[in-house]
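Residues per chain are reported as follows:
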Amino acid sequence: MAEITAAMVKDLRSATDAPMMDCKKALTECDGDMEKAKEFLRDRGMAQTAKKADRVAAEGLLGLKVAETFASASLVEINSETDFVAKNDGFINLVGNTAAHVFTTGVSTVEELNETSYETGTFSEYFTAQVARIGEKIVTRRFVTLNAGENGCVNGYVHSNGRVGVLVAVNCDSKKTAEAIAPMIKNIAMHAAAMKPTTLSYKDFDPKFVEEETIGRIEAIKTENEELGRLKKPLKNVPQYISMMQLTPEVMAAAEEAIKAKLLADGKPEKIWANIIPGQLARFVADNTTLDKELALLDQNYVMDDSLTVAQALTKEAAAHGGTAEIVEFVKYEVGEGIEKQVNDFAAEVAAQMS
């Protein structure tokens, strides 16, 4: 049996970053053979990862990589079991390295990512080694890469807590416009991270969803108004509609006729109606598109200038640079969304370990 010296343990730890006691055990099991000890630690890491497979990883961080030319960008979600590990420097580096590798390789699935070459082996081997060092279940849950067209740009944003991130892709009339508006595209990504739209435009809504939401929202406002009335407070306006999808030419024509009838009843001179009607029609649209303003990115009031929608703000910015721009796609990730978190009975867990 070879003598296992402190220097040997130190060298193995430097090479693998594994815990000191694990390094000593590996060298002992492998009779001091450094290469076999490295393989031992790697296999042990894989075994530990397999044992963690049935545990739920719903915490974690997002990683972002944007091309210097804004031609493409990648967003990655990596999950851990605990928020504590998500703040670990090793985990943070793993997220950053994964985002950079996804960006560089252009892979589209986790399976493809795992098979790519990384350092001296595969990315899967690198990832497994990092999981073994960190010590709990960690998974690459999902990632996406957006690529700009010939005259487009892509930019993104991840919030400071690392849990909400957005990519936004834009098509422009020229490369010059695309370069000029890249900073604003990041601001729009920040807007989306804060306002949490679920779709790009009201045109993407399912008509059945809009119909059901209309009924539910109107009934909710009516119920709220009953309480406001009891308290002798101003009542909320009960809308007829909630989305631009519902404001057909017939609906808008009827709204205009109703405005004219009201102006006539109020005794307003007909010669000034043309100055009043556009503003009142705009108010009618605003009052009857609340769903769009909540869930559709282009139709939301832009947080940096709420007198404009996101679409209007982008049009204004592009025009200031002599061009045009249109958002064609956005992706929003929130860490752990859609994952059913596991609720542990700590007392039972301790009892099970002691039995």
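So, how was this worked out
- Residues numbered from 1 in each chain as written.
- Predicted model: local features only at pLDDT ≥ 70, side-chain atom pairs only at ≥ 80, totals over all residues.
- Heavy atoms only, no water.
- Helix = DSSP H or I, 4+ residues; strand = E, 2+ residues; numbered from the N terminus.
- Rg over C-alpha atoms; globule rule 2.2 N^0.38 Å.
- Contact = heavy atoms within 4.5 Å.
- Areas by Shrake-Rupley, 256 points an atom, 1.4 Å probe, with all protein chains shown as cover.
- Lys, Arg positive; Asp, Glu negative; His and termini not counted.
- Charge placed at Lys NZ, Arg CZ, Asp CG, Glu CD.
- Phe/Tyr/Trp six-rings, centres within 6.5 Å; stacked < 30°, edge-to-face > 60°.
- Buried < 20%, exposed > 50% of the residue type's maximum accessible area, 1.4 Å probe, protein only.
- Expected span 1.5 Å × (residues − 1).
- Bend = angle between axes of the 7 residues up to and from the residue.
- Pairing = 2+ DSSP bridges.
- Axes fitted to C-alpha atoms, helices over the stretch in contact; angles between N-to-C directions.
- Parallel < 35°, antiparallel > 145°, perpendicular 65-115°, else oblique.
- Left-handed = near helix turned anticlockwise from the far one by under 90°.
- Nonpolar A, V, L, I, M, F, W, Y, C, P; charged D, E, K, R; others polar.
- Core = buried A, V, L, I, M, F, W, Y, C linked by side-chain atoms within 4.5 Å.

Draft legend 1. Representation of the overall build of the protein in the model. Scanning the protein from N- to C-terminus turns up 14 helices and ten strands. For 355 residues, the compact-globule estimate of 2.2 N^0.38 gives 20 Å, and the C-alpha radius of gyration of the protein, at 29 Å, exceeds that figure by more than 25%. The C-alpha extent of the protein, read off along each of the three principal axes, is 105 × 55 × 30 Å. Long-range pairs, those at least 24 residues apart, make up 66% of the contacts in the protein between residues at least 6 apart in sequence. Accessible area of the protein: about 19900 Å², with a carbon and sulfur share of 53%. Averaging the locations of the 39 positively and 54 negatively charged side chains of the protein gives two centres separated by 5 Å.

Draft legend 2. The packing of aromatic side chains, seen in detail. Throughout the structure, instances matching the rule amount to five aromatic pairs. An angle of 40° between the planes, with centres 6.0 Å apart, marks the rings of Phe123 and Phe127 as tilted. Taken together, the positions of Phe123 and Phe127, both in helix α7 (residues 123-134) and four residues apart, correspond to about one turn of that helix. Each member of the pair, Phe123 as well as Phe127, is classed as buried. In textbook terms, an aromatic cluster arises when at least three aromatic residues are bridged by ring pairs, as seen for Tyr118, Phe123, Tyr126 and Phe127.

Draft legend 3. Structural view of helix α8 (residues 175-195). Compared with the 30 Å implied by 1.5 Å per residue over 21 residues, the 29 Å span of α8 between its first and last C-alpha is a close match. Along its length, α8 reaches its greatest deviation from straightness, about 50°, at Ala182, and the proline Pro183 lies no more than four positions downstream. Taken as a whole, α8 has its buried residues at Thr177, Ala178, Ile181, Ala182, Met184, Ile185, Ile188, Ala189, His191, Ala192 and Ala193. Where α8 is buried, its residues meet β6 (152-158), β7 (164-172), β8 (301-302), α13 (310-320) and β10 (325-334). One or two residues past the end of α8 sits Lys196, with phi positive at roughly 55°.

Draft legend 4. Expanded view of the sheet that holds strand β2 (residues 72-80). A sheet is described by the order of its strands in space; here three strands give the open sequence β1-β2-β5, paired in antiparallel fashion. Of all the strands in the sheet, the pair left with one neighbour each is β1 (59-66) and β5 (138-147). Shown here is a sheet whose adjacent strand axes are inclined to one another by a mean of 15°, direction ignored. Pairing between β1 and β2: eight bridges, direction antiparallel. Paired with Val66 across the bridge in β2 is Ala73.

Draft legend 5. Local environment of unusual backbone geometry. Of note, Phe70 is a non-glycine position whose phi angle comes to about 60°, a positive value. If you trace the backbone, Phe70 turns up in the loop between β1 and β2. For Phe70, a relative accessible area of 26% puts it in the partly exposed group. With a phi close to 60°, Lys232 is a non-glycine residue in the positive phi region. Of note, Lys232 is situated in the loop between α9 (207-230) and α10 (249-265).

Draft legend 6. Here's a closer look at the sheet that holds β10. Reading across the sheet, the three strands line up as β6-β7-β10 and stay open at both edges, with antiparallel pairing between neighbours. The strands lining the two open edges of the sheet, one partner per strand, are β6 and β10. Recorded for the sheet is a direction-independent mean angle of 15° between the axes of neighbouring strands. Packed onto the sheet, α8 meets β6, β7 and β10 and runs at close to 35° relative to β6. Each of β7 and β10 is contacted by α13, which is oriented at about 130° to β10, the strand it contacts most.

Draft legend 7. Focus on the packing of α10 against helix α11 (residues 273-287). Contact geometry for α10 and α11: axes closest at 10 Å, N-to-C directions at 130°. The angle between α10 and α11 falls in the class oblique. As α10 runs across α11, the sense of the crossing is right-handed. For the pair α10 and α11, contact is made by Val251, Met252, Ala255, Glu256, Ile259, Lys260, Leu263 and Leu264 and by Trp273, Ile276, Ile277, Gln280, Leu281, Phe284 and Val285, respectively. The residue inventory of the contact of α10 with α11, partitioned by class, reads twelve nonpolar, one polar and two charged.

Draft legend 8. Representation of the nonpolar core within the structure. Val168, Val170, Ile188, Leu314 and Ile327 are the most contacted members of the largest nonpolar core, which totals 27 residues. Elements that contribute at least two residues to this core include exactly β6, β7, α8, α13 and β10. A total of eight residues in this core trace back to one element, the largest contributor, which is α8. Not counting the four nearest positions on each side in its chain, Ile188 is found in contact with Val168, Leu297, Tyr302, Val310, Leu314 and Ile327. One finds Leu61, Ile78, Val102 and Val107 within the second-largest nonpolar core, a separate group that totals 20 residues.

Draft legend 9. Quick peek at α7. With twelve residues, α7 should cover 16 Å at 1.5 Å per step; its first-to-last C-alpha distance of 17 Å lies within 8% of that length. Residues Phe123, Tyr126, Phe127, Thr128, Gln130, Val131 and Ile134 constitute the buried set of α7. Note on α7: the residue one or two positions beyond its end, Gly135, has a positive phi of about 100°.

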